[in-house]
Amino acid sequence: MALGTDWALDWLSRTAATIAVQRSHLNTLDREIGDGDHGENLDRGFTAVLTELASFDDDAVPSDVLKRTAMKLISTVGGASGPLLGTAYLKGAAAIVDLPELDGAALVAMLTAARDGVVLRGKAMVGDATMIDAWTPAVDAAARALAEGQSEAEILDAAATAAEEGALATEPIVARKGRASYLGERAIGHRDPGAQSSALLLREAANAAIA
Ligand code: ADP
Ligand code: MG
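Structural notes, computed from the coordinates. Computed from a prediction, not measured in an experiment: that's the story for all the values here.

### Focus on the packing of helix 6 (residues 132–147) against helix 8 (residues 193–210)
Then, number 1: At a minimum axis distance of 7 Å, the contact between helix 6 and helix 8 shows a crossing angle of 35°. Contact residues: helix 6 offers Ala134, Trp135 and Ala138, while helix 8 offers Ala195, Ser198, Ala199, Leu201 and Leu202.
Then, number 2: Along the lines of polarity and charge, the residues of the contact of helix 6 with helix 8 split into seven nonpolar, one polar and no charged.

### Observations regarding the pattern of salt bridges
Then, number 1: Evaluated as defined, the whole model comprises nine salt bridges.
Then, number 2: Of the charged contacts, one joins arginine 203 and aspartate 157 as a salt bridge, the two residues approaching to 2.7 Å between their closest N and O atoms. Separated by 46 residues along the polypeptide, arginine 203 in helix 8 and aspartate 157 in helix 7 (residues 152–168) bring together distant segments of the chain.
Then, number 3: Owing to a relative accessible area of 36%, aspartate 157 belongs among the partly exposed residues under this scheme.
Then, number 4: Salt bridges sharing partners connect three or more residues here, namely Asp157, Glu164 and Arg203.

### Observations concerning the side chain of arginine 191
Then, number 1: Structurally, arginine 191 can be placed in the loop between helix 7 and helix 8.
Then, number 2: A relative accessible area of 19% places arginine 191 in the buried class.
Then, number 3: A polar side-chain atom of arginine 191 sits 2.8 Å from a polar atom in the side chain of glutamate 171.
Then, number 4: Within polar-contact distance, the side chain of arginine 191 engages the side chain of glutamine 196 at 2.8 Å.
Then, number 5: Those residues in contact with arginine 191 that lie beyond four places of it in its chain are Leu29, Ala167, Leu168, Thr170, Glu171 and Gln196.

### As for the site of ligand 1
Then, number 1: Neighbouring ligand 1 are 20 residues; Asn41, Ala80, Ser81, Gly122 and Asp192 lie closest to it.
Then, number 2: Between ligand 1 and aspartate 192 there is a distance of 2.6 Å, counted from an oxygen atom to a side-chain nitrogen or oxygen.
Then, number 3: A distance of 3.0 Å separates an oxygen atom of ligand 1 from a polar atom in the backbone of glycine 194.
Then, number 4: Burial of ligand 1 by the protein chains amounts to 92% of its free accessible area of 570 Å².
Then, number 5: Every element with two or more residues in the shell around ligand 1 is listed here: helix 2 (38–53), helix 4 (81–95) and helix 8.

### Comments concerning the coordination of the magnesium ion (ligand 2)
Then, number 1: Within the protein, the atoms that donate to the magnesium ion (ligand 2) are Asp30 (OD), Asp35 (OD) and Asp37 (OD), at distances of 2.0 to 2.2 Å.
Then, number 2: In primary sequence terms, the donor set of the magnesium ion (ligand 2) follows D-x4-D-x1-D.
Then, number 3: Overall, aspartate 35 belongs to the partly exposed group, its relative accessible area being 37%.

### Focus: the environment of leucine 202
Then, number 1: Looking at the element boundaries, leucine 202 is found in helix 8.
Then, number 2: Accessibility expressed as a relative area gives 1% for leucine 202, which makes it buried.
Then, number 3: Taking C-alpha positions, leucine 202 is 8.7 Å from tryptophan 135, a pair spaced 67 residues apart along the chain.
Then, number 4: Not counting residues up to four positions away in its chain, the partners in contact with leucine 202 are Leu111, Trp135, Ala138, Leu156, Ala160 and Ala163.

### Here's the deal with unusual backbone geometry
Then, number 1: With phi around 70°, aspartate 98 is a residue other than glycine that occupies positive phi space.
Then, number 2: Here aspartate 98 shows up in the loop between helix 4 and helix 5 (104–122).

Here is what the cut-offs are and how they apply
Numbers given to residues run from 1 along each chain, matching the order in which its sequence is written. Labels follow written order: the first chain is A, the first ligand is 1, and so on. Per-residue local features are limited, in this predicted model, to residues with pLDDT of at least 70; the limit for side-chain atom pairs, both in listing and counting, is 80 or more; totals at the level of whole chains, interfaces and linings are taken over all residues. Side-chain measures were taken over the full set of non-hydrogen atoms in the model, leaving aside hydrogen atoms and water. Orientation is described by lines fitted to C-alpha atoms, with helices fitted over the stretch in contact, and by angles between N-to-C directions that extend from 0 to 180 degrees. Strands are runs of DSSP state E lasting at least 2 residues, helices are runs of H or I lasting at least 4, and numbering of each runs from the N terminus. Whether two residues are in contact is decided by their heavy atoms, any of which lying within 4.5 Å being enough. Residues are grouped as follows: Ala, Val, Leu, Ile, Met, Phe, Trp, Tyr, Cys and Pro are nonpolar; Asp, Glu, Lys and Arg are charged; all remaining types, including Gly, are polar. Between Lys or Arg on one side and Asp or Glu on the other, a salt bridge is scored when a side-chain nitrogen of the former is within 4 Å of a carboxyl oxygen of the latter. Here the term buried applies to any residue with accessible area under 20% of the maximum for its type, exposed to any over 50%, and partly exposed to those in between, with areas from a 1.4 Å probe on protein chains only. Each polar contact in these results corresponds to two N or O atoms within 3.5 Å; when the atoms are within protein, one needs to be able to donate a hydrogen and the other to accept it, and residues that are neighboring in sequence are counted only if both atoms are side-chain atoms. We call a residue near a given molecule or strand whenever any one of its heavy atoms falls within 4 Å of it. Reported accessibility uses the Shrake-Rupley method at a 1.4 Å probe radius. Residues are deemed covered only where the shown protein chains occlude them. Note on donors: an N, O or S atom is included if it sits within 2.8 Å of the metal, or within 3.2 Å for Na, K and Ca, and water is never included, so sites can look incomplete.

As structure tokens, this is what we get:
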């Protein structure tokens, strides 16, 4: 079943709720390898996004929701993650612009453009222990699920599962981007907070599709 504006709104409101619950865990992850503000940064941003969600017209399309989300995140999050995630939603929106409903191909295009936007802006590669370690496996898994003819919900579930595995895989490696890179070997054993939060938001995209 193709996913419309209700799905996009539900995705963002679920994301805001999850980030609020996970705020202190994300801060803790960031305290271990960065400056301890990742949960706080994202909670500020998604709380601001939440207040926007009530104000969409009936004729709004999913790209409108993602674009407004991007603007709010860029203007409120601060930190490295604000402009990076803002770019993800902005580029994701551009890939699906004006489509009232998203089929599997549109979802894969959206996720790919979002990931490409983060890479263009942050210059991180898989294995640098950043949010890209969640996003790139997610995009690859979504593309595979699409090629196998899976449903929209299955494509998003595959993306979320791969992102969760990717976030876990940042634990044994040395960070090469962002604040965590200042730690060198001391980052080993710590999960990247941005990879973790990206896995959370991708899981909520899947949860909204089965709701
Ligand atoms: P700050 O590091 O400014 O305090 P946050 O704590 O909100 O910002 O976000 C940190 C997260 O941002 C990291 O865990 C990492 O996933 C992500 N990040 C930092 N730099 C980059 C980059 N160049 N490319 C991709 N992601 C990055
Ligand atoms: Mg931080």
